[in-house]
Amino acid sequence: MKRIKFLVPLLAVMMFSCDDYLDINESPNNPQFEDVTPKLLLPGAQVSAARVQITTANQLGNVFMNSWTRNVQSFGNGFDRELQLNIDNTFYSGIWDGYFRALKNFDGIIKYDNTSGKYDNYVAIAKICKAHYMQQIVDLYGDCPYTEAWQGNDNITPAYDDDYAIYQDLIANLEQARDLIANANPDPNITDVVVSDAMLFGDMNRWVEFANTIELRMLLRMSNMTGAPATYRDTKLAEIAAGPFLSDNVAINPGYNASTNASANPAYNTFAADVAGIARSNRTFITMAGHAYKSLQSYATTNYPAAGSQEIVVGSGVNYPNVTDPRSARLFTAAPSNPRRAVNQGSSLVDVGAPTTTFPGLPCRLGLIGHFNPYATAPNQTPAEYSAVDSYVMTYSESCFLQAEAAVRYPALFSNEQFWFDEGIYEDCAMRVAAVGSYVTTINTRPWFGLAASTTFDQKIHAIMYQKWVALLGINAIQSYIDYTRTGYPLTPLASVAIQSRKPYRLVYPVSEYVANSANVPAMTANDAFVVNSLSPFWLQ
């Protein structure tokens with residue numbers, strides 16, 4: 001794929017627009033926000049928003065979905081609040097704050113004077129990106145500032161909007177974006193977005209696919225709704241049923257490189273090593289959770305504590321699939337000269353591995369190939385290569401599983417559920433550089449985990465959510481967590497130290513809102529996050 005090298009100005013825009021947009025003077029060297037053109041705003045917005053998803057939101061999703069935990073062999077604490085489910089208004093506030101900062105840039109592009117049509121494609125891209133990231137805020141927090149947001153000093157205490165109304169407006173934005181693309185000013189001298197688009201490099205057909213896929217995800221989030229929202233959902237599903245949906249990954253790469261840590265691929269630089277190859281603390285801190293090990297390994301290669309103890313969640317009646325997934329050894333690898341070991345979330349000991357494994361001992365860490373070498377694009381596996389690989393905003397495999405779910409839920413509009421299910425697995429194995437072998441055939445003989453053997457509606461939805469969880473593991477795991485809050489699948493045990501009886505349905509508004517926007521932020525307690533009430537995302541109510 002073509003790579004455009006504009007990293008230095010890109011980072012300059014990121015610093016200006018993300019950190020200082022409320023503190024702007026009249027200096028010609030520090031122009032007002034509205035004077036910055038879409039051409040300059042777009043790459044900074046894309047990169048800063050993606051960084052939040054790739055690092056902070058992704059980490060929370062991986063821990064909440066019992067994929068990652070702490071290396072207890074080397075660290076006495078860490079991930080304590082995530083495992084205990086001890087959340088408050090300081091818990092992962094970087095998701096809210098980071099997304100809202102980046103969204104100001106997308107909103108600025110949308111509001112920029114475009115009477116000539118010069119920026120049609122920029123506006124369309126901004127509307128699509130705004131929908132993608134704003135959906136995550138709504139799905140994690142419910143009501144939030146929207147119509148009055150991003151006005152800077154003109155309104156520093158924006159009112160909160162109803163989350164269902166925000167969803168509807170975001171879908172309208174996706175429709176407007178598709179219309180802008182279809183009717184964009186054809187003069188290439190004023191509409192060429194290639195030099196600024198760090199995601200799809202001006203391929204507007206791909207942007208239409210991305211818009212359709214985001215809308216499909218939003219409408220599937222509304223799958224349990226009834227009444228007028230259900231009628232709205234079904235109308236919109238019918239309008240987009242023909243697609244096209246994603247035919248490839250939506251990657252992001254503004255020219256990632258190893259010149260500085262700030263210019264490197266953010267996933268590798270956060271979870272693996274710096275550009276010199278010096279390991280980050282996360283390299284030894286994050287380890288494979290016991291649940292992930294049991295999910296991805298056969299019974300013969302797992303030291304279950306007793307015969308018949310393979311049930312995922314006590315009382316569910318569903319056991320682990322008893323299949324060794326080819327992605328397992330790519331996603332999590334042992335330290336040199338060590339067997340593969342994992343840690344049950346909440347355990348103080350390294351306690352999961354093959355029956356013949358010696359315990360305790362160093363547990364697995366994140367596999368470099370499975371996480372940071374997609375499609376073997378870093379063939380020599382050097383820090384310079386890892387620093388330069390793509391990150392992902394949405395994967396083709398996620399799109400496949402969305403279409404599989406749509407076909408199960410709405411067979412009058414969507415079809416080929418088995419094809420899309422299998423395709424999602426094949427694609428993820430290719431991305432992880434894992435030889436798929438007979439895995440697809442074997443897993444499809446397992447009810448709850450393979451679609452072919454699943455005969456009930458719940459079994460089919462669980463199979464899709466299970467495979468989607470594996471495919472998003474380490475890439476965009478927050479989507480798996482949000483799906484879990486909607487469906488309860490895939491079955492995921494709580495950490496043994498959890499102080500709540502279930503995972504939260506939402507996050508608590510961050511302290512920044514209670515300090516700066518106290519008149520408008522809804523009052524809530526931490527306990528409100530663990531029940532379905534008026535504060536929950538609308539699609540749960």
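The rules behind the values
Residues numbered from 1 in each chain as written. Predicted model: local features only at pLDDT ≥ 70, side-chain atom pairs only at ≥ 80, totals over all residues. Heavy atoms only, no water. Helix = DSSP H or I, 4+ residues; strand = E, 2+ residues; numbered from the N terminus. Buried < 20%, exposed > 50% of the residue type's maximum accessible area, 1.4 Å probe, protein only. Contact = heavy atoms within 4.5 Å. Lys, Arg positive; Asp, Glu negative; His and termini not counted. Charge placed at Lys NZ, Arg CZ, Asp CG, Glu CD. Axes fitted to C-alpha atoms, helices over the stretch in contact; angles between N-to-C directions. Parallel < 35°, antiparallel > 145°, perpendicular 65-115°, else oblique. Nonpolar A, V, L, I, M, F, W, Y, C, P; charged D, E, K, R; others polar. Polar contact = N/O pair within 3.5 Å; in protein donor to acceptor, adjacent residues only side chain to side chain. Disulfide = S-S within 2.5 Å. Salt bridge = Lys/Arg side-chain N within 4 Å of Asp/Glu carboxyl O. pLDDT = per-residue confidence, 0-100. Expected span 1.5 Å × (residues − 1). Core = buried A, V, L, I, M, F, W, Y, C linked by side-chain atoms within 4.5 Å.

## Regarding the overall build of the protein chain
- In terms of helices and strands, the protein chain carries 21 helices and 10 strands.
- Burial status across the protein chain gives 60% buried among its 541 residues.
- Considering only contacts within the protein chain whose residues lie at least 6 apart along the sequence, 72% involve residues at least 24 apart.
- A gap of 8 Å separates the mean positions of the 36 positive and 49 negative side-chain charges of the protein chain.

## Some thoughts on the packing of helix α16 (residues 396–409) against helix α19 (residues 457–472)
- Packing of α16 against α19 leaves a shortest axis separation of 10 Å and a crossing angle of 175°. The angle between α16 and α19 falls in the class roughly antiparallel. Across from Ser-397, Glu-398, Phe-401, Leu-402, Ala-404, Glu-405, Val-408 and Arg-409 in α16, the residues of α19 making contact are Phe-457, Lys-460, Ile-461, Ile-464, Met-465, Gln-467, Lys-468, Ala-471 and Leu-472.
- Residue classes in the contact of α16 with α19 are distributed as 10 nonpolar, two polar and five charged.

## Overview of the side chain of Arg-178
- Within the element layout of this structure, Arg-178 appears in helix α6 (residues 163–182).
- Not counting residues within four places of it along the chain, the set of residues in contact with Arg-178 comprises Val-208, Ala-211, Asn-212, Glu-215 and Ile-240.

## A few points about unusual backbone geometry
- Residue Pro-244 follows Gly-243 across a cis peptide bond; omega there is 5°.
- With an omega dihedral of -5°, the bond running from Phe-359 to Pro-360 counts as a cis peptide bond.
- Mapped onto the fold, Pro-360 is located in the loop between β8 (352–353) and β9 (365–366).
- Not every positive phi belongs to a glycine, and Leu-85 is a case in point at roughly 65°.
- You can see Leu-85 is positioned in the loop between α3 (80–84) and α4 (93–111).
- With a relative accessible area of 2%, Leu-85 lands in the buried category.
- The phi torsion at Asn-416 lies on the positive side, around 65°, for a residue other than glycine.
- Mapped onto the elements, Asn-416 comes out in the loop between α16 and α17 (417–431).

## What to know about the side chain of Arg-70
- As for its position among the elements, Arg-70 is in strand β1 (residues 68–70).
- Judged by relative accessible area, which is 11%, Arg-70 ranks as buried.
- Here the side chain of Arg-70 touches Phe-75 through a polar contact of 3.4 Å, landing on its backbone oxygen.
- Not counting residues within four places of it along the chain, the set of residues in contact with Arg-70 comprises Phe-75, Gly-76, Asn-77, Gly-78, Phe-79, Asp-80, Phe-285, Thr-287 and Val-343.

## Some points on the state of the cysteines
- Evaluated as defined, the whole model comprises zero disulfides.
- Cysteine Cys-400 shares no disulfide, and the gap to the nearest cysteine sulfur, in Cys-429, comes to 12 Å.
- Judged by relative accessible area, Cys-400 falls into the buried class, the value being 0%.

## Brief notes about the pattern of salt bridges
- Summed over all chains, the structure comprises 20 salt bridges.
- In this structure, the salt-bridge partner of Asp-80 is Arg-70, at a minimum N-O distance of 3.2 Å. In this pair, Asp-80 is assigned in helix α3 and Arg-70 in strand β1, connecting sequence segments 10 residues apart.
- For Asp-80, a relative accessible area of 31% corresponds to the partly exposed category.

## Considerations on the environment of Ala-292
- Examined against the element boundaries, Ala-292 turns out to sit in helix α12 (residues 290–296).
- For Ala-292 and Leu-331, which are 39 residues apart along the polypeptide, the C-alpha to C-alpha distance reads 9.9 Å.
- Those residues within four positions of Ala-292 in sequence are excluded, and the remaining contacts are Asn-66, Ser-67, Phe-332 and Trp-469.

## Digging into the confidence of the model for the protein chain
- Summing up the model confidence of the protein chain, the mean pLDDT is 93 and the portion of residues at 70 or higher is 93%.
- Here residues 1–30 is modelled with pLDDT under 50, and outside its nearest four sequence neighbours on either side it reaches 65 contacts, counting other chains as well.

## Quick notes on helix α8 (residues 204–221)
- Look at α8: 26 Å from first C-alpha to last across 18 residues, which is about the 26 Å you get at 1.5 Å a residue.
- Along α8, 17 of the 18 residues are buried, which leaves the element largely enclosed by surrounding structure.
- Capping the start of α8 is the job of one residue whose side-chain oxygen sits 3.3 Å from the backbone nitrogen of Asn-205: Asp-203.

## Some words on the nonpolar core
- Counting 158 residues, the largest nonpolar core has Met-134, Trp-207 and Phe-210 as its most contacted members.
- Here this core takes 14 residues from helix α5 (residues 120–141), the largest share from any one element.

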